[in-house]
Amino acid sequence: MSDLVLYPGCVIPARLPFIESAVRFIIDKLNIRMDDMQDTTCCMEPVGLRSLSEDGWFGVASRLHSIADGKDIVTLCDGCSVSLSECSQRLKDQKGKDEAKDVLEKIDRQVAVSEVKGFIEILYENLESIKKNVVKKQDLKLAVFPGCHCEAVCSKKGLSANSMMFEIVKATGAMPKYPRANLCCGGSVSMIDDTLSKAILGESVNSFKATGADGVVTSCPFCFMQFDMVARYRTYHIAEIVAMAMGWEIDITKFHRGQ
Amino acid sequence: MISNTYLIKELGLERCIGCGNCTSVCPSARNGGIVPHEAVQAVLDGVDVKDIWKCLICHRCSAVCPVEINVTQMMTSLRSVSENVPDRFKKTGQQMFKGGKIFIPIGRMESVRKELGLSVEVIEERTLNESKIILKRAGFNE
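Residues numbered from 1 in each chain as written. Chains lettered and ligands numbered in written order. Predicted model: local features only at pLDDT ≥ 70, side-chain atom pairs only at ≥ 80, totals over all residues.

## A few points about the overall build of chain A
Piece 1. Along the backbone of chain A there are 13 helices and eight strands.
Piece 2. Its C-alpha atoms give chain A a radius of gyration of 18 Å, near enough to 18 Å, the size a compact globule of 259 residues would have.
Piece 3. Its C-alpha atoms give chain A principal-axis dimensions of roughly 55 × 45 × 35 Å.
Piece 4. Each of the 259 residues in chain A was classed as buried or not, and the buried ones make up 58%.
Piece 5. For chain A, contacts bridging at least 24 residues in sequence account for 77% of all contacts bridging at least 6. (Helix = DSSP H or I, 4+ residues; strand = E, 2+ residues; numbered from the N terminus. Rg over C-alpha atoms; globule rule 2.2 N^0.38 Å. Buried ≥ 20, exposed ≤ 12 C-beta atoms within 10 Å, placed from the backbone. Contact = placed C-beta atoms within 7 Å.)

## A look at the overall build of chain B
Piece 1. Looking only at helices and strands, chain B features nine helices and zero strands.
Piece 2. From first element to last, N terminus to C terminus, chain B shows the α and β order α-α-α-α-α-α-α-α-α.
Piece 3. Oriented by its inertia axes, the alpha-carbon framework of chain B measures out at about 55 × 35 × 25 Å.
Piece 4. Within chain B, the proportion of its 142 residues that are buried is 35%.
Piece 5. Across chain B, every contact between residues at least 6 apart in sequence was considered, and the portion connecting residues at least 24 apart equals 59%.

## As for the sheet that holds strand 7 (residues 215-218) of chain A
Residues and elements named next belong to chain A.
Piece 1. Pairing in this open sheet of four strands is parallel, and the strands run 6-5-7-8 from one edge to the other. With one partner strand each, in any of the chains shown, strand 6 (175-177) and strand 8 (235-237) form the two edges of the open sheet. Each strand axis lies, on average, 35 degrees off the axis of its neighbour in the sheet, ignoring direction.
Piece 2. As judged from the three bridges shared by strand 5 (residues 141-144) and strand 7, these two strands associate in the parallel manner. Bridging from a neighbouring strand, Ala 143 pairs with Val 216 of strand 7. (Pairing = 2+ DSSP bridges. Axes fitted to C-alpha atoms, helices over the stretch in contact; angles between N-to-C directions.)

## With respect to the sheet that holds strand 1 (residues 4-7) of chain A
Residue and element names in this part refer to chain A.
Piece 1. Read across the open sheet, the four strands follow the order 2-1-3-4; overall the sheet is parallel. Edge positions in the sheet fall to strand 2 (35-36) and strand 4 (116-118), since each of these pairs with one other strand and no more.
Piece 2. As paired elements, strand 1 and strand 2 share two bridges and run parallel to each other. Among the inter-strand pairings, Leu 6 is bridged to a residue of strand 2, identified as Asp 36.
Piece 3. Packed onto the sheet, helix 5 (residues 78-91) meets strand 1, strand 3 (72-75) and strand 4 and runs at close to 160 degrees relative to strand 4.

## Observations concerning the domain arrangement of chain A
All names here are of chain A.
Piece 1. Parsing chain A into structural domains produces domain 1 (4-118) and domain 2 (134-254).
Piece 2. Once you take the C-alpha centre of each, domain 1 and domain 2 turn out to be 23 Å apart.
Piece 3. Facing the 19 residues of domain 1 at the interface are 20 residues of domain 2.
Piece 4. Counting only elements with at least two residues in the side of domain 1 that touches domain 2, the list comes to helix 1 (11-15), helix 2 (17-29) and helix 5. (Domains from an automatic or database assignment.)

## With respect to the environment of Leu135(B)
Residues and elements named next belong to chain B.
Piece 1. Its place among the elements puts Leu 135 in helix 9 (residues 125-137).
Piece 2. For Leu 135, a count of 25 C-beta atoms within 10 Å translates into the label buried.
Piece 3. With 53 residues separating them in the primary sequence, Leu 135 and Ser 82 have C-alpha atoms 18 Å apart.

## Brief notes about the pairing of strand 7 of chain A
Residue and element names in this part refer to chain A.
Piece 1. Burial along strand 7 is two-sided: Gly 215 and Val 217 and Val 216 and Thr 218, pointing in opposite directions, are all buried.
Piece 2. Strand direction decides the pairing type here: strand 7 and strand 8, joined by three bridges, are parallel. The residue bridging Val 216 from the neighbouring strand is Thr 235, located in strand 8.
Piece 3. Following the backbone out of strand 7, through helix 12 (residues 221-230) and into the adjacent parallel strand 8, one traces a crossover that is right-handed. (Right-handed = clockwise from strand over helix to strand, strands pointing away.)

## So, the interface of chain A and chain B
Interface size is often expressed as the accessible area that is lost when the parts come together.
Piece 1. Counting from both sides, the interface comprises 46 residues of chain A and, opposite them, 48 residues of chain B.
Piece 2. Secondary structure elements with two or more residues in the side of chain A that touches chain B: helix 1, helix 2, helix 3 (49-52), helix 4 (54-68), helix 9 (148-156) and helix 11 (194-210) of chain A.
Piece 3. When residues in the side of chain A that touches chain B are grouped by element, the largest group, six residues, is from helix 4 of chain A.
Piece 4. Of the residues assigned to the side of chain A that touches chain B, the class counts are 25 nonpolar, 11 polar and 10 charged. (Nonpolar A, V, L, I, M, F, W, Y, C, P; charged D, E, K, R; others polar.)

## Digging into the domain arrangement of chain B
Piece 1. The domain boundaries assigned to chain B delineate domain 1 (4-80) and domain 2 (87-137).
Piece 2. Distance from the C-alpha centre of domain 1 of chain B to the C-alpha centre of domain 2 of chain B: 32 Å.

## Regarding the packing of helix 4 of chain A against helix 5 of chain A
Residues and elements named next belong to chain A.
Piece 1. With their axes 9 Å apart at the nearest point, helix 4 and helix 5 run at an angle of 85 degrees to one another. Classified by the angle between their axes, helix 4 and helix 5 sit roughly perpendicular to one another. Packed against helix 4, whose contacting residues are Trp 57, Phe 58, Ala 61, Ser 62, Leu 64 and His 65, the element helix 5 presents Ser 83, Leu 84, Cys 87, Ser 88, Arg 90 and Leu 91 at the interface.
Piece 2. Across the contact of helix 4 with helix 5, the residue classes tally to seven nonpolar, four polar and one charged. (Parallel < 35°, antiparallel > 145°, perpendicular 65-115°, else oblique.)

Here it is in structure tokens:
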């Protein structure tokens, strides 16, 4: 048994399984003890679903905390990180606990609260082990873009997502580059206002190109899809870069669309 | 029911000093979308907030507010009582209610998972029932 449980979310397992493969390779290679969370649903992501119902979000996220039973939840998606960490904050108050108890009683579950860690935090905590396990240095210049939600969750903990990702990228042998601040992938307004979405996406990609980078590295699967599939820009998930440096041999060109 | 009065009190919107820091970092505002400081002012004035669905929920506004107003939470709360929910989110809501997840591996992705040595997850009936009980209680339906 470990003190960490893995919550992969919806989008990576269903649309970007190669990222899950990279994550599991890293967990195995670094010998990190982590169990899979069982009986999970979506976290009621913070952009659309939570907007539909605060009560629905809080109930569903509280159920996931109940399943984790106090073990630290490791998320692969930064939307999940926001959803579950904000639920965690609320569950630490008596009012939140009482509200969760009312919901969870209906499904015979108990209130529990976990800390939530994005996978980038796990990578950063294992930075020295990553360096020791590098067998194939990544000869790439990469614009570092953790994603808005990753930055928000980390900053509430007093961590800098940009700095952590910078160090992780350096550990793989790649050269990190900083694009301008306060960018976004525009995915949240896709299919709502496509003109706006494309303008926000274009602004980011232009900023990545201006750094002279070969591509962008992100920790967010939604950003990944926007940059790779919509903008067709060369994009890596942070887990892929680390896994490739440690000898993961999946041919990602079969799955990526960005050039 | 979330009212403007509730939002003003709960989120401390009266602390707003109109500095515009939120707007200065907002990727939506910069590209012609929602203007966060005007949205806060609209709630304070008791008028409808324009363009709430053009907010990216990126949290950048909340992170830079010098008086610590959670502008993101204001947007989320306003959306939760909006009658103009975009079809995209209505569809994901239905998918969540019916299937417990907003994305489920189908077709090619099932075989890609197998190819990568990953298991193909099936959501158990009990899990789905628990999710439906919670969501029905929150006003979701088929």
